[in-house]
Amino acid sequence: ARTAAVIPAAGRGVRLGPGAPKALRTLGGTPMLIHAVRAMAASRAVSLVVVVAPPEGAAEVRTLLDAHALPDRTEFVVVPGGETRQESVKLGLDALPPGFDIVLVHDAARPLVPVDTVDAVVEAVRDGAPAVVPALPLADTVKQVEPAAPGEPEPVVATPDRSLLRAVQTPQGFDRDTLVRAHGTVTGDVTDDASMIEQLDLAVVTVPGHEEAFKVTRPLDLVLAEAVLARRRL
Ligand code: CTP
Ligand code: MG
């Protein structure tokens, strides 16, 4: 079964603050997107990478891919993205040629995921799981709150048992037909692809995630990413 990776990279990165679209911001001098592409292409299982570019940035992304050294055995396709992450992933799936039975969906905003994590996800899909997510235990206690007006205190409603909670990362891995079906039928807002599979009542399983697969979301995450990269280059 051949494996393709779809990389949603079309977000603006509002929480990171003003600047270029997040995927094009640099880490160690190289755009975050290129790190994410390299992380996917580093897996011997992955032979095609579909990059979902910022809507006005497809040509720029194509130029970037051509300018950076990437494995010859991997093919690259660039498509413009949509208004939401979900739409962007769907546009990436629409661009997948036939012959790829396994699809990874990986956030450009997780540039430093180790290849072992990528391989573990692919392996679990090959073993028969329709959907696989890398997951880590939580460090913080989590509270459920009642929404309140801005500036008002939020009453705490519940404290879910932390030992049963996981923070999930990408790449998430899927049986391609199942993921395409999910994107064709599930409506409503979701924040990851696996939750769409859950809505179809199909099994989603976890594999161990990795600390370095954290998502670059806020400015402090950039500081951490630069430090991880500098440590790798020692
Ligand atoms: N994404 C996308 N298309 C969108 C929105 C998000 O492809 N319309 C991608 C982002 O580029 C990112 C991934 O989905 O790689 C995870 O999203 P997130 O971390 O929320 O990135 P942004 O949406 O860019 O950031 P923010 O929510 O702070 O604006
Ligand atoms: Mg977002």
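What you see is a predicted model, and the numbers here were worked out from it, not measured in a lab. (Residues numbered from 1 in each chain as written. Chains lettered and ligands numbered in written order. Predicted model: local features only at pLDDT ≥ 70, side-chain atom pairs only at ≥ 80, totals over all residues.)

## Overview of the packing of helix α3 (residues 85-94) against helix α5 (residues 176-185)
Here comes step 1: Where α3 contacts α5, the axes come no closer than 11 Å and their chain directions differ by 130°. It follows that α3 is oblique to α5 by the angle criterion. Relative to α5, α3 is oriented so that their crossing is left-handed. For the pair α3 and α5, the contacting residues are V89, K90 and L93 in the first and L179, V180 and H183 in the second. (Axes fitted to C-alpha atoms, helices over the stretch in contact; angles between N-to-C directions. Helix = DSSP H or I, 4+ residues; strand = E, 2+ residues; numbered from the N terminus. Parallel < 35°, antiparallel > 145°, perpendicular 65-115°, else oblique. Left-handed = near helix turned anticlockwise from the far one by under 90°. Contact = placed C-beta atoms within 7 Å.)

## Observations concerning the UniProt feature "site: Positions MEP for the nucleophilic attack" (unreviewed entry) in the chain
Here comes step 1: In the numbering used here, UniProt assigns the "site: Positions MEP for the nucleophilic attack" (unreviewed entry) feature to R162 and K215.
Here comes step 2: Relative to the elements of secondary structure, R162 occurs in the loop between β9 (156-158) and β10 (166-168).
Here comes step 3: Look past the residues within four positions of R162 in its chain and what remains in contact with it is L138, T141 and V142.
Here comes step 4: Along the chain, the position of K215 falls in the loop between β12 (205-208) and α7 (219-232).
Here comes step 5: Residue K215 is classed as partly exposed on the basis of its 16 C-beta neighbours within 10 Å. (UniProt positions renumbered as here; feature names shortened; annotations may be inferred. Buried ≥ 20, exposed ≤ 12 C-beta atoms within 10 Å, placed from the backbone.)

## Let's talk about the UniProt feature "site: Transition state stabilizer" (unreviewed entry) in the chain
Here comes step 1: Cross-referencing UniProt, the feature "site: Transition state stabilizer" (unreviewed entry) maps to R15 and K22 in the present numbering.
Here comes step 2: The topology assignment puts R15 in the loop between β1 (2-8) and β2 (26-27).
Here comes step 3: R15 gets classed as exposed once you count the C-beta atoms within 10 Å, which come to 12.
Here comes step 4: Every residue in contact with R15, bar those within four places of it in the chain, is listed here: T217 and R218.
Here comes step 5: With respect to the helices and strands, K22 occurs in the loop between β1 and β2.

## Remarks on the environment of A225
Here comes step 1: Structurally, A225 is set in helix α7.
Here comes step 2: Overall, A225 belongs to the buried group, with 23 C-beta atoms counted inside 10 Å.
Here comes step 3: Considered as a pair, A225 and V89 are 136 residues apart in the sequence and their alpha carbons are 24 Å apart.
Here comes step 4: The contact partners of A225, leaving out residues within four places of it in the chain, are L27, P111, L112 and V216.

## Details of the confidence of the model for the chain
Here comes step 1: Looking at the chain as a whole, its pLDDT mean stands at 97, while 100% of the residues score no less than 70.
Here comes step 2: The complex model carries a pTM of 0.98, and its ipTM stands at 0.99. (pLDDT = per-residue confidence, 0-100.)

## With respect to the pairing of strand β11 (residues 172-175)
Here comes step 1: Here β11 shows no split at all, with Q172 and F174 on one side and G173 and D175 on the other all buried.
Here comes step 2: For strand β6 (residues 100-105) and β11, the ladder comprises four bridges, and the chain directions are antiparallel. When the sheet's bridge partners are listed, L104 is paired in β11 with G173.
Here comes step 3: Where strand β7 (residues 131-137) and β11 come together, two bridges link them in antiparallel fashion. The residue of β11 that forms the bridge with A131 is F174. (Pairing = 2+ DSSP bridges.)

## Regarding α5
Here comes step 1: R176, L179 and A182 are the residues of α5 that are buried. Viewed end-on, α5 has its buried residues packed into an arc of 130°, placing them on one side of the element. Opposite the packed face of α5, turned more than 90 degrees from it, sit the exposed residues D177, G184 and T185. (Arc of directions from axis to C-beta.)

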